[in-house]
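# A structural walkthrough
The residues making up each chain are set out below.
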Amino acid sequence: GAGVSQSPSNKVTEKGKDVELRCDPISGHTALYWYRQSLGQGLEFLIYFQGNSAPDKSGLPSDRFSAERTGGSVSTLTIQRTQQEDSAVYLCASSKGVYNEQFFGPGTRLTVL
Amino acid sequence: DQQVKQNSPSLSVQEGRISILNCDYTNSMFDYFLWYKKYPAEGPTFLISISSIKDKNEDGRFTVFLNKSAKHLSLHIVPSQPGDSAVYFCAASAILTGGGNKLTFGTGTQLKVEL
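Residues numbered from 1 in each chain as written. Chains lettered and ligands numbered in written order. Predicted model: local features only at pLDDT ≥ 70, side-chain atom pairs only at ≥ 80, totals over all residues. Heavy atoms only, no water.

### Re the overall build of chain A
This is how it is decided: Put simply, DSSP H or I for four residues or longer makes a helix, DSSP E for two residues or longer makes a strand, and each gets a number counted from the N terminus. Using C-alpha atoms as the atom set, the radius of gyration is obtained and then compared with a globule rule of 2.2 Å times the number of residues to the power 0.38. Only protein chains enter the accessibility calculation, which uses a 1.4 Å probe. A residue is then buried if its area is under 20% of the maximum for its type, exposed if over 50%, and partly exposed in between. Note on contacts: a residue pair qualifies if any of its non-hydrogen atoms lie within 4.5 Å across the two residues.
Of regular secondary structure, chain A possesses zero helices and 10 strands. Its helices and strands in sequence order give chain A the pattern β-β-β-β-β-β-β-β-β-β, from N to C terminus. Over its C-alpha trace chain A gives a radius of gyration of 13 Å, about what one expects of a compact globule, namely 13 Å for 113 residues. By its C-alpha atoms, chain A is 35 × 25 × 25 Å across when sized along the principal axes. In chain A, which comprises 113 residues, the proportion classed as buried is 50%. A separation threshold of at least 6 residues defines the contact pool for chain A, and within that pool the share at least 24 residues apart is 54%.

Encoded structure:
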């Protein structure tokens, strides 16, 4: 079956612009996670959605970052007024339930010039 | 503050030999540990996991060992194959406040299996 998909695969933007990254989780997966990987770093947790519960935003690095999950499926991660330090690969993962294995998408490589 | 550490950024082994990838953690609240494998331009894929109540889990060529007292785990691959060449991430699981399963990742080890 289809895995987690993310779009775009690559995004180059200018400093100060807003960007939206999209994640389509595996159908039927109730949990959705966003991570990012900066150069030379491990994967950093950003935000977690589970069903209709309020998301856990404890990993978001600043208030320029926000995420939505509409209808319990597709999620968008929005970065406002991008900065060069936002350049990273942004990864989305989904899982059947909160304690199950997470399946990752291919990521979106964001470059802020 | 790196709670999960992979101190070897790279490892090179010969085909057929054993690959040993190491991982250390600092947070004693972690209760579940996973290894993910990542090829370039792809997301990480789950490889093997171990609960904190066990000290060993084996799946084919892959075995994960956990030493809770030392806060150390390792992944053994034997025999190593060229297709195993990838970046391996160690991850530790902590339950989020509202439930859920936050993964804390190490920085990865690039494994190269040479012919």
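### A closer look at the state of the cysteines
All names here are of chain A. Rules: Criterion for a disulfide: a pair of cysteine sulfur atoms at a distance within 2.5 Å.
Tallying each qualifying case throughout the model produces two disulfides over all chains. The disulfide partner of C23 is C92, and the S-S distance across this bridge is 1.9 Å. One disulfide, between C23 and C92, carries an S-S torsion of -65° and so falls in the left-handed class. With C23 in strand β3 (residues 19–24) and C92 in strand β8 (residues 88–95), this residue pair connects regions lying 69 residues apart in the sequence. Note on accessibility: C23 and C92 belong to one class, buried.

### What about unusual backbone geometry?
That bond from A:S7 to A:P8 is cis: its omega, -10°, falls within 30 degrees of zero. Along the polypeptide, A:P8 turns up in the loop between β1 (5–7) and β2 (10–13). A cis amide bond links B:V78 with the next residue in sequence, B:P79, at an omega value of -10°. Mapped onto the fold, B:P79 is located in the loop between β8 (72–77) and β9 (86–95).

### A short note on the interface of chain B and chain A
It is common to give the size of an interface as the accessible area that goes away when the parts come together. Selection rule: Accessible-area loss on putting two parts together, using a 1.4 Å probe and summing over both, is the definition of buried area adopted here. Pairs of N or O atoms within 3.5 Å make up the polar contacts considered here, provided that, within protein, one atom can donate a hydrogen while the other can accept it, and that residues adjacent in sequence are counted only when both atoms are side-chain atoms.
Counting from both sides, the interface comprises 19 residues of chain B and, opposite them, 19 residues of chain A. Buried area between chain B and chain A, both sides added, is near 1,500 Å², and the carbon and sulfur share of it is 61%. Where chain B packs against chain A, one counts three residue pairs in polar contact (both at pLDDT 80 or more). Elements with a minimum of two residues in the side of chain B that touches chain A: β4 (32–38), β9 and β10 (101–105) of chain B.

### A few points about the environment of A:F65
All names here are of chain A. Along the chain, F65 turns up in strand β6 (residues 65–69). Residues F65 and I47 lie 18 residues apart in sequence; the distance between their C-alpha atoms is 9.9 Å. Other than its neighbours up to four places away in sequence, F65 contacts R36, L60, T78, I79, D86 and Y90.

### With respect to the side chain of B:S74
Residues and elements named next belong to chain B. In this fold, S74 is placed in strand β8. With relative accessibility at 7%, the residue S74 sits in the buried group. At a separation of 3.4 Å, a polar atom in the side chain of S74 contacts the side chain of H76. In this structure S74 touches I20, L21, N22, W35, T63, V64 and F65, once residues within four positions along its chain are discounted.

### Quick notes on the pattern of salt bridges
As a reminder of what qualifies: Salt bridges are identified by distance alone: a Lys or Arg side-chain nitrogen within 4 Å of an Asp or Glu carboxyl oxygen.
Summed over all chains, the structure comprises six salt bridges over all chains. Between A:R64 and A:D86 there is a salt bridge, with the nearest N and O atoms lying 2.8 Å from each other. Taken together, the residues A:R64 in the loop between β5 (43–50) and β6 and A:D86 in the loop between β7 (75–79) and β8 connect sequence positions 22 residues apart. The pair A:R64 / A:D86 is uniform in exposure class, with both members buried. Residue B:E58 is joined to B:K56 by a salt bridge in which the shortest nitrogen-to-oxygen separation is 4.0 Å. What makes B:K56 partly exposed here is its relative accessible area of 44%.

### Examining the packing of aromatic side chains
Rules: What counts as a ring pair is set by centres within 6.5 Å for rings of Phe, Tyr and Trp (its six-membered ring), and what kind of pair is set by the plane angle: stacked under 30 degrees, edge-to-face over 60, tilted for all other angles.
Across all of its chains, the model carries 13 aromatic pairs over all chains by this definition. Measuring from centroid to centroid gives 5.6 Å for A:Y35 and B:F105, while their planes differ by 85°, and the two rings are edge-to-face. With A:Y35 in strand β4 (residues 31–37) and B:F105 in strand β10, the pair connects residues from two separate chains. Judged on exposure class, the residue A:Y35 and its partner B:F105 are both buried. The interplanar angle of 80° and the centroid separation of 6.0 Å between the aromatic rings of A:F104 and B:F105 together place this pair among those described as edge-to-face.

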